[in-house]
Amino acid sequence: MKSPTYILGIESSCDETSAAVCRDGKILSNVIASQEIHQRYGGVVPELASRAHMQNIVHVVDAALSQSAIRQQDLSAIAFTQAPGLIGALLVGSGFAKSLALALKLPLIEVHHMQAHVLSNLISAPSPSFPFLCLTVSGGHTQIVRCDSPLSMEVLGETIDDAAGEAYDKTAKMLRLPYPGGPLIDARAQEGDPKRFHFPEPQVPGLSFSFSGVKTSVLYFLQKHSKEDPSFVERNINDICASFQHTMTSILLQKLKKASLETGIKEICLAGGVAANKGLRNGLTELGARYGWNIYIPAMEYCTDNAAMIAITGYYKYMNHQFSDLSVSASARADW
Ligand code: KG4
Ligand code: ZN
């Protein structure tokens with residue numbers, strides 16, 4: 001009988017140190033050490049992220065192996081996030097992955113973080129059939145990707161300025177909510193009136209996104225009203241959050257609808273931390289019912305940054321003999 005293929009995945013592109021193991025494409029473990037330290041600074045501090053990865057990585061990899069009840073010697077290959085991300089953070093994961101591959105004489109597999117987010121939709125059943133569209137929305141990215149097979153994808157549109165999660169977090173900061181503010185805006189939005197205030201939606205061609213204008217219009221709105229009434233934000237926070245969330249959801253879903261109509265694809269997936277957003281989920285469900293879409297949203301532990309998606313992508317690359325040599329380096333930016 002053929003022995004199973006075990007892939008160790010390592011993710012360190014931002015502020016999550018994560019390791020996961022998959023056996024023949026099925027996830028056995030997904031250990032994530034979140035870095036709390038950034039909350040104090042109102043955003044991710046790159047230098048502190050690199051240090052925390054250094055402190056966490058050995059422990060996280062050990063935990064992923066022991067939770068999978070396998071030994072280092074059982075591994076078939078090591079996959080790691082090569083790009084994009086914070087360079088110092090990526091260098092910790094890639095340096096560790098290379099050293100381990102060298103020590104264990106195992107093949108090394110570089111993984112593109114954004115492609116892995118898309119493939120997080122293949123981790124659990126039911127998974128989409130090909131081709132599918134994926135809206136990836138997180139603190140660092142906003143993209144619509146067409147996926148024709150696990151290793152064949154194309155970016156149809158992306159943000160030209162802020163990412164959706166970044167717009168949430170910056171708006172939350174203006175509302176004096178702590179970092180990361182996305183979930184806090186979402187919670188307040190549930191109690192507010194989404195039609196009370198109007199924030200203009202940007203007119204961006206094609207399938208591109210822009211969020212910096214929305215953020216700026218919230219800023220001017222808050223400045224104007226707070227001057228007249230210093231307690232304005234406090235008294236209206238739920239309605240402000242609901243109205244902002246309504247605008248964000250509308251921008252994201254309009255582009256997704258356009259992508260589906262243009263491609264004729266009705267298998268629609270979400271990925272990234274903003275996939276937790278209730279407004280987006282409810283809006284997507286409504287739109288899906290109207291247009292006959294099949295909708296897929298990974299479990300939250302696979303939406304936010306995680307190594308399970310790196311291990312799965314590594315598995316497909318392993319089956320396709322796509323290996324990296326030991327001179328491979330991490331990069332902050334990456335083409336597809
Ligand atoms: O994917 P993720 O964990 O990390 C990366 O940015 O790669 O995404 C984190 C982002 C943050 O901007 C956070 O505010 C946002 O996702 N987020 C949310 C919600 N939950 C997390 N934004 C809006 N509503 C939420 N419920
Ligand atoms: Zn990410």
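Residues numbered from 1 in each chain as written. Chains lettered and ligands numbered in written order. Predicted model: local features only at pLDDT ≥ 70, side-chain atom pairs only at ≥ 80, totals over all residues. Heavy atoms only, no water.

A. Structural view of the state of the cysteines. Per the counting criterion, the structure on display carries 0 disulfides. The thiol of Cys22 is not disulfide-bonded; the next cysteine sulfur, from Cys147, is found 16 Å away. Residue Cys134 stays outside any disulfide, its sulfur separated by 5.6 Å from that of Cys269, the closest cysteine. (Disulfide = S-S within 2.5 Å.)

B. Summary view of the coordination of the zinc ion (ligand 2). Taken together, His113 (NE2), His117 (NE2) and Asp305 (OD) make up the protein donors of the zinc ion (ligand 2), found 2.1 to 2.2 Å from the metal. All donor residues of the zinc ion (ligand 2) come from one chain, and their arrangement in sequence is H-x3-H-x187-D. Residue His113 is located in helix 3 (residues 113-119), and its partner Asp305 is located in the loop between helix 9 (300-303) and helix 10 (308-319); the two are separated by 192 residues in the primary sequence. An identical accessibility class is assigned to His113 and Asp305; each is buried. (Donors = N, O, S within 2.8 Å, 3.2 Å for Na, K, Ca; no water. Helix = DSSP H or I, 4+ residues; strand = E, 2+ residues; numbered from the N terminus. Buried < 20%, exposed > 50% of the residue type's maximum accessible area, 1.4 Å probe, protein only.)

C. Main features of the packing of aromatic side chains. Applying the stated rule across the entire model yields 10 aromatic pairs. Considering the side-chain rings of Phe199 and Phe221, the 5.2 Å spacing of their centres and the 85° angle between planes classify their relative orientation as edge-to-face. A residue pair is termed long-range when its members are at least 10 positions apart, and Phe199 in the loop between helix 5 (182-189) and helix 6 (212-228) and Phe221 in helix 6 qualify at 22 residues. Each member of the pair, Phe199 as well as Phe221, is classed as buried. Clustering of aromatic rings is evident, with ring pairs tying together Phe197, Phe199, Phe221 and Phe232. (Phe/Tyr/Trp six-rings, centres within 6.5 Å; stacked < 30°, edge-to-face > 60°.)

D. Region of interest: the site of ligand 1. The full set close to ligand 1 counts 17 residues, and Gly139, Asp169, Asp186, Gly273 and Asn277 are the nearest of them. Within the backbone of Gly140, a nitrogen or oxygen atom sits 3.4 Å from an oxygen atom of ligand 1. Between ligand 1 and Asp186, the relevant distance is 2.9 Å, taken from a nitrogen atom to a side-chain nitrogen or oxygen of the residue. Going through the elements one at a time, helix 4 (164-174) and helix 5 are the ones with two or more residues in the shell around ligand 1. Tallied by class, the residues present in the shell around ligand 1 amount to 5 nonpolar, 9 polar and 3 charged. (Near = heavy atom within 4 Å. Polar contact = N/O pair within 3.5 Å; in protein donor to acceptor, adjacent residues only side chain to side chain. Nonpolar A, V, L, I, M, F, W, Y, C, P; charged D, E, K, R; others polar.)

E. Just the environment of His321, in detail. For His321, the position within the fold is in the segment after helix 10. Remark: the alpha-carbon pair of His321 and Ile70, spanning 251 residues in sequence, is separated by 23 Å.

F. Region of interest: the layout of surface pockets. In this structure, the second largest pocket encloses a volume near 480 Å³. Lining the second largest pocket are 18 residues, and of these His246, Thr249, Leu253, Gly279 and Gly283 sit closest to its centre. For the lining of the second largest pocket, the elements supplying multiple residues, two or more each, are helix 7 (232-263) and helix 8 (278-291). Ranked by residue count, the leading element in the lining of the second largest pocket is helix 7, at 8 residues. (1 Å grid on protein atoms, 1.4 Å probe; cavity = no way out; pocket = protein on both sides within 12 Å on 5 of 7 lines; lining within 4 Å. Points joined across faces, edges and corners; volume = space filled by probe spheres on them.)

G. Geometry of the domain arrangement of the protein chain. As far as domains go, the protein chain holds domain 1 (6-118 + 303-319) and domain 2 (125-297). Taking only C-alpha atoms, the centre of domain 1 and the centre of domain 2 are 27 Å apart. Between domain 1 and domain 2, the residue contacts involve 14 residues of the former and 17 residues of the latter. On the domain 1 side of the interface with domain 2, the three residues burying the most area are Met114, Val118 and Cys303, jointly 44% of the side's total. The interface formed by domain 1 and domain 2 holds 0 salt bridges in total. The interface formed by domain 1 and domain 2 contains 1 residue pair in polar contact (both at pLDDT 80 or more). Elements supplying a minimum of two residues to the side of domain 1 that touches domain 2: helix 3 and helix 10. Tallied by class, the residues present in the side of domain 1 that touches domain 2 amount to 5 nonpolar, 8 polar and 1 charged. (Domains from an automatic or database assignment. Contact = heavy atoms within 4.5 Å. Buried area = accessible area lost by both parts, 1.4 Å probe. Salt bridge = Lys/Arg side-chain N within 4 Å of Asp/Glu carboxyl O.)

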